[in-house]
Amino acid sequence: MSNWRTRSLLAPLAAVCLLVFLDGCTTQPPVQIEAQPDETVITLLFTNDVESAYDPTPAFWRNDMRRIGGIAEMATLIRQIRAREPNVFLLDAGDIYTGTLAKLTKGEISFELMMTMGYDAISIGNHEFEYGWQELARQKDRVPFPVLAANLFYKGTDFPFAQAYTIIERDGVRIGVIGVLGQDAANALIPSNIAGLEVRDPIPAVRRHVAMLKGDVDLIVVLTHQGKTAPMQTDDEADTSVQRGNEENLALAGAVAGIDVIFGGHTDAGTREPIEHPETGTLIMQTFGQGQHLGQLQVVIDNQTRAIRDASGRLIPIDSDRFTPDATVAGKLRDYRARFPEIYATRGSTKGILTRRYYQESDLGNLFADILRDSTEANIGLMPSGALRKDLPEGDVRLVDLADAFPFEDRVATLKVSGAVLTEILEQGASLERGLLQVSGLTVRYRPDAPIGQRIEGVIINGEPLDRDQQYTVSTLEILAQGGDEYTQFRKATDIDMSNYQYLQVVERYFLKNSPVDVPVRERYQIVDED
């Protein structure tokens, strides 16, 4: 790949300052790159980790807009860009599921909306297995665009679960697209939902398919869903403490020559501009997820050598109040919602907003851990931070609010662990690898800056210090009870009782019985200063 960045410094972008007014107003001027007669401009639009975030969200962390996001508003922006930019391709790097409507339709609505919006290809994310791999196999075959995973096979065979790559041609421009699912990402789901499938090392799979595509396409794009699990915070773009990097994407770019572009998912590590690998020149980008931004990368390629001569990328925030919702997408959303009127019934109320934090004790985490413990009369309730997907509002709470806050199908599990194993579980939570474990029924003293595995200073349960030899009854989610989400310590548990009811049912009953629900006091984790 040629050193396009040198040219970018010498030849400024041909930015057109005239605003575009089509179906809505965008304050974002076109990002069209100046091209010579022997060059071609390719416009790549991308999303990742939309996770069924279909409605605008209050942008409380920004001072330039009131609301952010909205799938119908994003569809309008995509249509505007297609109307003004050359050779536009639309791609997604996985996690299109999660959310009430996705759960009720087993993912159908997610694929339907992407079909309406004209996606060209997507890769598979871990959330696409929320309803089991069999359901994903059915849904992915309903749509006209390829659903990719080059390193995903039926266990013990070389038979692929999904299409490995695709070639997309538009106006004579050809791009090759490869999809991969990270091995770590595959652990961020209920293990039984992916049982029977095998996630192999992405690097050999990508290397093999890049070699196949080289010479047949103008550009090679890899859609990855890998790295550390994303922090589920609405304002993660503004909170640098929870932003996770692109290490695995950089490693892939360095290990496989010939990749022009990587669009990542899973870490929600938003890139305001492209990251260029220092040796291979591969350009890496991804959004912050949750449908709050549309990613755009334009590249200029040499028509003879196919080398990238210039590039410019950005993340476009979806200012909800500046885009008229796309009528077709909005209509399809209304139709799906009309099928399930019961989800808009009020189930209770709260005395204040219940927010979630990924690396800290949170209001919503404390409440949901309390509900787990209350439902089984266990000694302890444990709730993973990554399971908390949306804040709860102050005042009336509808079933859809509860279901969006916890959109999964996990059952409640009760089990027994020794005090020693419980300490290991709390150490895993304190590692922050999957966010801080939310707890009920105990108080934890810990040092956030101590080495991983040595952060727990002490645990108090029912007013008494933890006894490493005593057996404690724990109530938690099915994913943890199966040893998923990196909590392999639960595999040492005994007397595991997996209930026949889902946790969301438990939450609904709790709100019906206990409303208005208080905001729990945050005092369960006590940080110990190194001094």
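Please read these numbers as outputs of a predicted model, since none were measured by experiment.

Caption draft 1: Representation of the pairing of strand 10 (residues 165-170) within the structure. Here strand 10 runs beside strand 11 (residues 173-181); their pairing, made up of six bridges, is antiparallel. Directly across from Ile167, in strand 11, lies its bridge partner Gly176. In textbook terms, the turn of a hairpin is the stretch between consecutive antiparallel strands, and for strand 10 and strand 11 this stretch comprises two residues, one of which, Asp171, has a positive phi near 55 degrees.

Caption draft 2: Fine view of the packing of aromatic side chains. Going through the model one piece at a time under the given rule, you end up with 17 aromatic pairs. Plain terms: the ring middles of Phe129 and Phe161 are 6.3 Å apart, the flat faces sit at 40 degrees to each other, and that makes the pair tilted. Of this pair, Phe129 sits in the loop between strand 7 (121-123) and helix 5 (133-140) while Phe161 is found in the loop between strand 9 (152-154) and strand 10, placing the two residues 32 residues apart along the sequence. For the pair formed by Phe129 and Phe161, the shared burial category is buried. Relative to Phe408, the ring of Phe406 has its centre 5.5 Å away and its plane inclined at 80 degrees; by these criteria the two rings are edge-to-face. By relative accessible area, Phe406 is classed as buried at 0%. Using a relative accessible area of 10% as the deciding quantity, one classes Phe408 as buried. Each member of the aromatic cluster is reached from another via a ring pair, and the members are Phe129, Trp133, Tyr154, Phe159 and Phe161. In this arrangement the basic side chain of Arg200 is found over the ring face of Phe153, its NZ or CZ atom lying 4.1 Å from the centre.

Caption draft 3: Seen up close, the pairing of strand 6 (residues 88-92). Strand 6 sits mainly inside the fold: five of its five residues count as buried. Side chains of strand 6 alternate between two faces, with Val88, Leu90 and Asp92 and Phe89 and Leu91 buried alike. Where strand 3 (residues 39-47) meets strand 6, five bridges bridge the pair, whose relative direction is parallel. Residue pairing for strand 6: Thr43 is matched across the bridge by Val88. The sheet contact formed by strand 6 and strand 7 spans two bridges and is parallel. Opposite Asp92, over in strand 7, you have Ile122 as the bridge partner.

Caption draft 4: Just helix 5, in detail. Counting buried positions along helix 5 yields six of eight residues, so the element is predominantly enclosed. Listing the buried residues of helix 5 in full gives Trp133, Glu135, Leu136, Ala137, Gln139 and Lys140. Looking at the buried positions of helix 5, the neighbouring elements they touch are helix 4 (108-117), strand 8 (147-148), strand 9 and strand 12 (197-199).

What counts as what
Each chain carries its own residue numbering, running from 1 in the direction its sequence is written. Local features in this predicted model are restricted to residues of pLDDT 70 or higher, and side-chain atom pairs are both shown and tallied only at a pLDDT of 80 or more, whereas totals for entire chains, interfaces and linings draw on every residue. With hydrogens and water stripped out, all remaining heavy atoms of the structure feed into the side-chain values. For two strands to pair, DSSP has to find at least two bridges joining them. Numbered from the N terminus, helices here are DSSP runs of H or I no shorter than four residues, and strands are runs of E no shorter than two. Pairing of aromatic rings covers Phe, Tyr and Trp, the last through its six-membered ring, and needs centres within 6.5 Å; plane angles under 30 degrees mean stacked, over 60 mean edge-to-face, and all others mean tilted. Only protein chains enter the accessibility calculation, which uses a 1.4 Å probe; a residue whose area is less than 20% of its type maximum is buried, one above 50% is exposed, and one in between is partly exposed. Put simply, a charge is over a ring when the Lys NZ or the Arg CZ is close to the ring centre, within 6 Å, and near the line of the ring normal, within 35 degrees. Contacts are assigned to residue pairs with any non-hydrogen atoms lying within 4.5 Å of each other.

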